[in-house]
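Secondary and tertiary structure notes
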Amino acid sequence: MAYQYILVAILAFTLWFVLKYSSTRKKETTRASVGSQVENIFSQSNGSGGTDIIVVGAGVAGSALAYALGKEGRRVLVIERDLTEPDRIVGELLQPGGYLKLVDLGLEDCVKEIDAQRVFGYALYKDGKSSKLPYPLENLHPDVAGRSFHHGRFIQRLREKASSLPNVRLEQGTVTALVEEKGIVKGVHYKSQAGQESTASAPLTIVCDGCYSNLRRSLCNPKVDIPSCFVGLVLENCKLPFENHGHVILADPSPILFYPISSTEIRCLVDVPGQKVPSISNGEMANYLKTKVAPQIPHELYTAFMASIEKGNVKAMANRTMPGAPYPTPGALLMGDAFNMRHPLTGGGMTVALSDVVVLRNLFRPLKNLNNANAVCKYLESFYTLRKPLASTINTLAGALYKVFCASPDPARKEMREACFDYLSLGGIFSTGPVSILSGLNPRPLSLVLHFFAVAVYGVGRLLLPFPSPKRMWIGARLISGASGIIFPIIKAEGIRQMFFGATVPAYHRAPPVN
């Protein structure tokens, strides 16, 4: 009997040992498998010395994209021409819709500790009358609002956030050309800060080097227009008539903007139509601002405005517009102002850029292998359609609103401008509807078109009531015709099918390539 117990004990020990060994091997195999899968995510998408993606430019789009992709485990190299704090007079107002995208990306702390100001809407001025247009924020988190700040401070915070990730590297250098082999972009040639010529390689290069991009011509058909220029000043020691609101003055010949950029400073942007502005160096600009602009601004800001002119810190920049018309290029993608620009009147540029980053991040999530450039390129074509609802709505609104807000001797255009001011002043849906579109909270192109023509019909109704006359009927007809002439060319440039019928575009439903 004893030997039976010994035999059972030996068999039990053997069985326990086999099961234990098998379990250990299984765990090790699982760990090795998981490890190899994680490693494969890098090695498969890599193939370029440790870099998955090269991002050219570390502005709003480039820095936010680098952080978003870095958080997803991608190895990102960002090459920026100048990593010092930029000093610009635009890119200072982030709409509530853009702030929500910032939150989505985990970058909301980038507007903290830079003296950013909360913005709750707009105040519109015309011929001594004013109307307050609040953002429709009632159903959103109390923290959601617009933010205005010094552009450079915000950019530096974004760069710090991106470089805080161990797999994101920022390098100062000037990219001179894309590296192409057999029609596929393999990386970039760039000159380092020390002047050394270098080459960086990666399966994918994303170009977002701003409105002055020198790489866009090989990736898109750029049709850049300059409808006007902004002249920027900083006002000190004054308060806006409507605190924490942007102010738009429907001046002659074109709008003037005011908004806070810190707790003690207010930015003023004077729009000057055309591509030339009065000379700053010889005093023509100061004279223009004092004689033409100053009499049209609210009296609460007059003294600070004149003091800012005397101080002499006046800057000018061209306002560029460019519809996105990319060439699908294997191994490369175009983003930001290098790809698509709209008039900065509505402050929608950063909202579009951050929305594009969110769309692109979501598209990248199922991608493990970036080495098949043609397959990845075909898949990423969906980006250009998926971005359209928000981007095209904001682009169209910016272009249309600028044309409506500019003064004109044409009676029909005058009536359209007056109708727009009165329509927005009605309150209710007549103000919250358009403002929700402007703020990036309602990315529906159809809503924009409906409100735009509602303004036109409202203008015609005012002309025809109580008693129509042949002259008023003619002006009304020209008003409708003029409204159509403003908005339809912009919609055509944006792409009617992608803007309104995106689901019918084949790329909209494109699945990620099989690894």
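Because the structure is a prediction, the values reported are computed rather than measured.

Focus on the overall build of the chain
Counting its regular elements, the chain contains 15 helices and 17 strands. Principal axes of the C-alpha set define a box for the chain whose edges measure 120 × 55 × 50 Å. Relative to its full complement of 515 residues, the chain shows a buried share of 52%. When contacts within the chain are restricted to residue pairs at least 6 apart in sequence, long-range pairs at least 24 apart make up 74% of them. In the form shown here, the chain has an accessible surface area of approximately 23500 Å², with 57% of it arising from carbon and sulfur atoms. Within the chain, the 40 negative side-chain charges are centred at a point lying 6 Å from the centre of the 55 positive side-chain charges.

Some thoughts on the sheet that holds strand S8 (residues 168-181)
Here seven strands make up an open sheet; going across it, the order is S10-S9-S8-S2-S1-S11-S17 and the pairing mixed. Either end of the sheet is taken by a strand with one partner, and the two such strands are strand S10 (197-201) and strand S17 (332-334). The sheet shows a mean angle of 40 degrees between the axes of neighbouring strands, direction not considered. Summarising the sheet, strand S9 (residues 184-192) and S10 pair through five bridges and their orientation is antiparallel.

So, the nonpolar core
Counting 68 residues, the largest nonpolar core has Phe 154, Val 188, Ile 206, Met 335, Leu 360 and Phe 364 as its most contacted members. The greatest single-element share of this core, amounting to nine residues, is contributed by helix H7 (residues 349-364). Sequence-distant contacts of Phe 364, that is, excluding residues within four places in its chain, are made with Ile 53, Leu 69, Arg 74, Leu 204, Ile 206, Leu 370 and Leu 380. Counting 54 residues, the second-largest nonpolar core is a separate cluster that includes Val 449, Ile 486, Ile 487 and Met 499.

With respect to the pairing of S9
Relative to S9, S8 runs antiparallel, the two sharing eight bridges. Directly across from Glu 181, in S9, lies its bridge partner Ile 184. Hairpin geometry of S8 and S9 is characterised by an intervening segment of two residues between the two adjacent antiparallel strands and by a positive phi of about 55 degrees at Lys 182. Taken together, S9 and the strand that follows it, S10, pair antiparallel across an intervening segment of four residues, in which Gly 195 is found at a positive phi of about 90 degrees.

A word on the packing of H7 against helix H10 (residues 388-405)
Helix packing for two helices is described by the angle between their axes and how far apart those axes are. Where H7 contacts H10, the axes come no closer than 9 Å and their chain directions differ by 170 degrees. In terms of axis orientation, H7 runs roughly antiparallel to H10. Contact residues: H7 offers Thr 351, Val 352 and Ser 355, while H10 offers Leu 390, Ala 391, Ile 394 and Asn 395. Class assignment of the residues belonging to the contact of H7 with H10 gives a composition of four nonpolar, three polar and no charged.

So, the sheet that holds strand S7 (residues 146-148)
Taking strand neighbours across the sheet as the criterion, the three strands line up as S3-S7-S4 in an open arrangement whose pairing is antiparallel. In this open sheet, the two edge strands, each paired with only one partner strand, are strand S3 (93-94) and strand S4 (117-119). Here S4 runs beside S7; their pairing, made up of three bridges, is antiparallel. Directly across from Val 119, in S7, lies its bridge partner Gly 146.

A closer look at the packing of aromatic side chains
For the structure on display, the rule yields 10 aromatic pairs. For the ring pair Phe 383 and Tyr 384, a centre distance of 5.3 Å and an interplane angle of 65 degrees mean the geometry is edge-to-face. Tyr 384 gets classed as buried once you look at its relative accessible area, which sits at 11%. Taken together, a centroid distance of 6.0 Å and an interplanar angle of 65 degrees make the contact between Tyr 423 and Tyr 458 edge-to-face. Note that Tyr 423 is positioned in helix H11 (residues 411-425) and Tyr 458 in helix H13 (residues 445-464), a separation of 35 residues in sequence.

A look at the packing of H13 against helix H14 (residues 470-494)
Where H13 meets H14, the closest approach of the two axes is 8 Å, and the angle between their N-to-C directions is 170 degrees. Here H14 runs roughly antiparallel to H13, going by the angle between their axes. Note on element contacts: H14 touches H13 through Arg 472, Met 473, Ile 475, Gly 476, Leu 479, Ile 480, Ala 483, Ser 484, Ile 486, Ile 487, Phe 488 and Ile 491, opposite Val 449, Phe 452, Phe 453, Ala 456, Val 457, Gly 459, Val 460, Arg 462, Leu 463 and Leu 464. Looking at side-chain class alone, the contact of H13 with H14 contains 17 nonpolar, three polar and two charged residues.

Some points on the pattern of salt bridges
Applying the stated criterion across every chain, the model contains 24 salt bridges. Note that Glu 197 and Lys 191 form a salt bridge whose closest N and O atoms lie 3.9 Å from each other. What makes Lys 191 partly exposed here is its relative accessible area of 37%. We note a salt bridge from Glu 415 to Arg 462, for which the minimum N-O separation is 2.9 Å. With a gap of 47 residues between them, Glu 415 in helix H11 and Arg 462 in helix H13 connect regions that are remote in the sequence. Connected via shared salt-bridge partners are Lys 126, Asp 127, Lys 129 and Glu 418.

A closer look at the side chain of Asp 271
Here Asp 271 lies in strand S15 (residues 265-273). Here Asp 271 is buried and forms no salt bridge, its nearest opposite-charge partner Arg 417 lying at an N-O distance of 9.5 Å. The contacts of Asp 271, once residues within four sequence positions are left out, are Ser 228, Cys 229, Phe 230, Ser 254, Pro 255, Asn 319, His 343 and Tyr 402.

Analysis parameters
- Residues numbered from 1 in each chain as written.
- Predicted model: local features only at pLDDT ≥ 70, side-chain atom pairs only at ≥ 80, totals over all residues.
- Heavy atoms only, no water.
- Helix = DSSP H or I, 4+ residues; strand = E, 2+ residues; numbered from the N terminus.
- Buried < 20%, exposed > 50% of the residue type's maximum accessible area, 1.4 Å probe, protein only.
- Contact = heavy atoms within 4.5 Å.
- Areas by Shrake-Rupley, 256 points an atom, 1.4 Å probe, with all protein chains shown as cover.
- Lys, Arg positive; Asp, Glu negative; His and termini not counted.
- Charge placed at Lys NZ, Arg CZ, Asp CG, Glu CD.
- Pairing = 2+ DSSP bridges.
- Axes fitted to C-alpha atoms, helices over the stretch in contact; angles between N-to-C directions.
- Core = buried A, V, L, I, M, F, W, Y, C linked by side-chain atoms within 4.5 Å.
- Parallel < 35°, antiparallel > 145°, perpendicular 65-115°, else oblique.
- Nonpolar A, V, L, I, M, F, W, Y, C, P; charged D, E, K, R; others polar.
- Phe/Tyr/Trp six-rings, centres within 6.5 Å; stacked < 30°, edge-to-face > 60°.
- Salt bridge = Lys/Arg side-chain N within 4 Å of Asp/Glu carboxyl O.

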